[in-house]
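Here's the letter readout for the chains.
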2 protein chains.
Amino acid sequence: MQNIQEYVRQTATAAKQAFYTLAGASTAQKNATLLLLAELIEQHQNEILEANALDLENAEAKGLDAALLDRLKLTEKTIAGMSEGLRQIVALPDPVGEMDEFRLRPNGLQIGKMRVPLGVIGIIYESRPNVTVDAAALCLKSGNACILRGGSEAFNSNMAIAKLITQALLENGLPAGAVSLIENTSRESVGAMLQSPDLIDVIIPRGGKSLVARISSEARVPVIKHLDGICHVYIDKAADTQKAVDIAFNAKTSRYGTCNTMETLLVHQDRAAEILPLLAEKYREKGVELRGCDRTLTILNNIKAASPEDWDTEYLAPVLAVKVVDSLNDAMAHINLHGSHHTDSIVTESYTDAQIFLRMVDSASVMVNASTRFADGFEYGLGAEIGISTDKIHVRGPVGLNGLTSQKWVVLGNGQVRS
Amino acid sequence: MQNIQEYVRQTATAAKQAFYTLAGASTAQKNATLLLLAELIEQHQNEILEANALDLENAEAKGLDAALLDRLKLTEKTIAGMSEGLRQIVALPDPVGEMDEFRLRPNGLQIGKMRVPLGVIGIIYESRPNVTVDAAALCLKSGNACILRGGSEAFNSNMAIAKLITQALLENGLPAGAVSLIENTSRESVGAMLQSPDLIDVIIPRGGKSLVARISSEARVPVIKHLDGICHVYIDKAADTQKAVDIAFNAKTSRYGTCNTMETLLVHQDRAAEILPLLAEKYREKGVELRGCDRTLTILNNIKAASPEDWDTEYLAPVLAVKVVDSLNDAMAHINLHGSHHTDSIVTESYTDAQIFLRMVDSASVMVNASTRFADGFEYGLGAEIGISTDKIHVRGPVGLNGLTSQKWVVLGNGQVRS
């Protein structure tokens, strides 16, 4: 292979060119491409599974861990899921070209906004081959060209899928450059993407925290990123007991490895003695380890003391930090200081406390009387998500099609000049 | 002074703390602060002018150029303008807390969005002391804490203004950390800001292209930036002659040094022979130098030939590149390749050509039959702007109060848990 830097930049140049074609593609053309891809994936299921078997064999030979093998493995069911996901994206409204917020100015100009694609999106991901399909489809539907840089473990699976994407594009009159898979899985190809702000408009990393942190720190291109999810449930003084127990139990135990899982439970001091024992019993049955603050330890026996690091830890495991707080203000100060600005929920019957919490907690999702586990694109009605942003600019929380677009200004005149 | 890195981080830590107070401040409290500041500036006009005189003296002694001295210089009129600007910002609606887009989900959750401040905004600027007031006021009104790092030339002027800002904040019960002026004007203090993504949420550079380019390339913090304005007017085959002449003349000559000034004129080949001589005559009278493509040179005599660099140059001067194009597509390809995605306008009576141009030109502002000179916050009805973004994520074009905010998700439940 030629010089890697040069290869990545040639690919990105083709993507930029393809973007201008894609930005003007009709919704029908984009949908037809996605539907054909769904069919091609079904028709070529065996080729994809064979390529995936090769990847799994290599990964096992390298001694990669079981969790990674699990993320890498495709089955007939996961492949059917890819096609189903494509059909769901087809069903979503096309955001590109939507016009809004027009105002008539005193000089007769009509000034408003039009929703437009961002341009070229670089997706850097690890071992999940289904990201290849999801990311390509969301970018295509939102009018963006994309450059996919998957992990080396999934190389053969990704190549098999990319071949079908190219076929679907070309058969629908769209340029192959609209979706490119980088066929080099060295660190250098990632570096070349991160250093090309002239060609790539935004990078979206999808993977573990260390990957995302490295990309954010090295990128010269804007990054929409998802770092950790240290989510809280705060049981307010005015909480309904049953809702508090149900929500705190669900937010921790419905799944342990997801970013919207509660990692720290905060309880108002006036309710701790009543509610913590009820919850502790349920957590104990479920095998959740509790780590409590000093006041929690006076209420619950036989649990570990929390260390200062516990308040800043995303366990992704059946472990929960528990803290008794003096007040709503105390709870919010804890969340804003120790949380990751991902998702936080208050359980309360107090209108005023709910309003204060919603306004003052600086997180991508703030909730009242609901489990933090609802924070995802599907539950929010976005239909599909390319990730969950923990950034504060551009887009917060679940990122759907709109998050892959921006708005430009449209000025409609009839000959106006400025004096 | 203590270690600069440490000093900047302490300031940013105080700003982050102040942000949480500010995010919950009422509109009335923020407006009262801005109105008091307007009064204080009027009352202390002489102190500001004396500090400014000292800055001017130092700048002259250092032999700084006339353009810089002009940007640095304050007068009674410019100081009155600061207070007037503050009162205009008071009159704007407060975006913070606005809720929108609520949808009822099948499980009974009400899910929508709330507009919220970004957090701590770092403003890095050069010699204009009025930026100190404008930036502080826009950040305050939008609920953001800000850290101002002005240029060394304006140090005394900025200190005099910052003292009044602190007084206005404290007298209205807001923390002094809500607006901090970095009292160190070395490169190192800029570096410390750029390397603090944990404390500063976004950096907005205001100044020349070299400052902005350096900041963008070094920043670990997201940047909302304004690079160059290589704006185009395209005179379409279906243009009205009078509108074409008026707009192309105005877009170049109403001011030369602004980013929304036209730098390249594109003319459809079928209209060039008719329209270019009319325009050339007007430009000649005004002293604008023309640089033409080969076809332009066959129509206009005595003008220079354009070199390839001319198509990529922001002159900010009475110079204009002129190119005859084959078609609308040719014009759009030129704009998307050579423009800076700032502001571009088509002159046409064709509905279809207008629609295609609006959709396919990838610029922050796209216009039909209007001078590019309208691209600014005041003309767009934003009331005031902190800059004009040439970025593609978060905000494009003139950045007003909304551009300094983001939207978080609000989820209103009544006990829902996820199955």
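The name an unreviewed UniProt entry assigns to chain A is Gamma-glutamyl phosphate reductase, from the organism Neisseria zalophi. Of chain A, the UniProt comment under Pathway (unreviewed entry) reads exactly: "Amino-acid biosynthesis; L-proline biosynthesis; L-glutamate 5-semialdehyde from L-glutamate: step 2/2."

Facing the 71 residues of chain A at the interface are 72 residues of chain B. Across the chain A to chain B interface the summed buried area is about 6000 Å²; carbon plus sulfur atoms make up 54%. The partner of Arg418(A) in a salt bridge is Asp376(B), with the nearest N and O atoms 2.8 Å apart. If you look at where chain A meets chain B, you find 48 residue pairs in polar contact (both at pLDDT 80 or more). With eleven residues, the top contributor of residues to the side of chain A that touches chain B is strand 16 (residues 405-416) of chain A. Sheet topology places strand 16 of chain A next to strand 13 (residues 365-370) of chain B; five bridges connect them, and they run parallel.

The next subject is the pairing of strand 4 (residues 145-149) of chain A. All names here are of chain A. In terms of burial, strand 4 is a largely internal element, five of the five residues being buried. Burial along strand 4 is two-sided: Ala145, Ile147 and Arg149 facing one way and Cys146 and Leu148 facing the other are all buried. Looking at chain direction, strand 3 (residues 120-125) and strand 4 are connected through five bridges and run parallel. Residue pairing for strand 4: Val120 is matched across the bridge by Ala145.

Attention shifts here to the sheet that holds strand 1 (residues 99-104) of chain B. Spatially, ten strands are ordered 10(A)-9(A)-11(A)-8(A)-7(A)-12(A)-13(A)-16(B)-2(B)-1(B) in an open sheet, and the strand pairing comes out mixed. Two strands bound the open sheet, and with one partner strand each, they are strand 10 (304-305) of chain A together with strand 1 of chain B. Bridge analysis of strand 12 (residues 343-347) of chain A against strand 13 (residues 365-370) of chain A gives four bridges, and the strand direction is parallel. Paired with Thr343(A) across the strands is Ser365(A), a residue of strand 13 of chain A. The strands that helix 10 (residues 241-253) of chain A touches are strand 7 (231-235), strand 8 (262-268), strand 11 (319-325), strand 12 and strand 13 of chain A together with strand 16 (405-416) of chain B; relative to strand 8 of chain A, the one it contacts most, it runs at about 160°.

Attention shifts here to the pattern of salt bridges. Residue and element names in this part refer to chain A. Under the defined criterion, the tally for this structure stands at 45 salt bridges over all chains. Linking Asp391 and Lys225 is a salt bridge whose minimum nitrogen-to-oxygen distance equals 2.6 Å. In this pair, Asp391 sits in the loop between strand 14 (387-389) and strand 15 (397-399) while Lys225 sits in the loop between helix 9 (209-218) and strand 7, placing the two residues 166 residues apart along the sequence. Lys225 sits in the buried class, given a relative accessible area of 17%.

About the thresholds
Residues numbered from 1 in each chain as written. Chains lettered and ligands numbered in written order. Predicted model: local features only at pLDDT ≥ 70, side-chain atom pairs only at ≥ 80, totals over all residues. Heavy atoms only, no water. UniProt positions renumbered as here; feature names shortened; annotations may be inferred. Contact = heavy atoms within 4.5 Å. Buried area = accessible area lost by both parts, 1.4 Å probe. Salt bridge = Lys/Arg side-chain N within 4 Å of Asp/Glu carboxyl O. Polar contact = N/O pair within 3.5 Å; in protein donor to acceptor, adjacent residues only side chain to side chain. Helix = DSSP H or I, 4+ residues; strand = E, 2+ residues; numbered from the N terminus. Pairing = 2+ DSSP bridges. Buried < 20%, exposed > 50% of the residue type's maximum accessible area, 1.4 Å probe, protein only. Axes fitted to C-alpha atoms, helices over the stretch in contact; angles between N-to-C directions.

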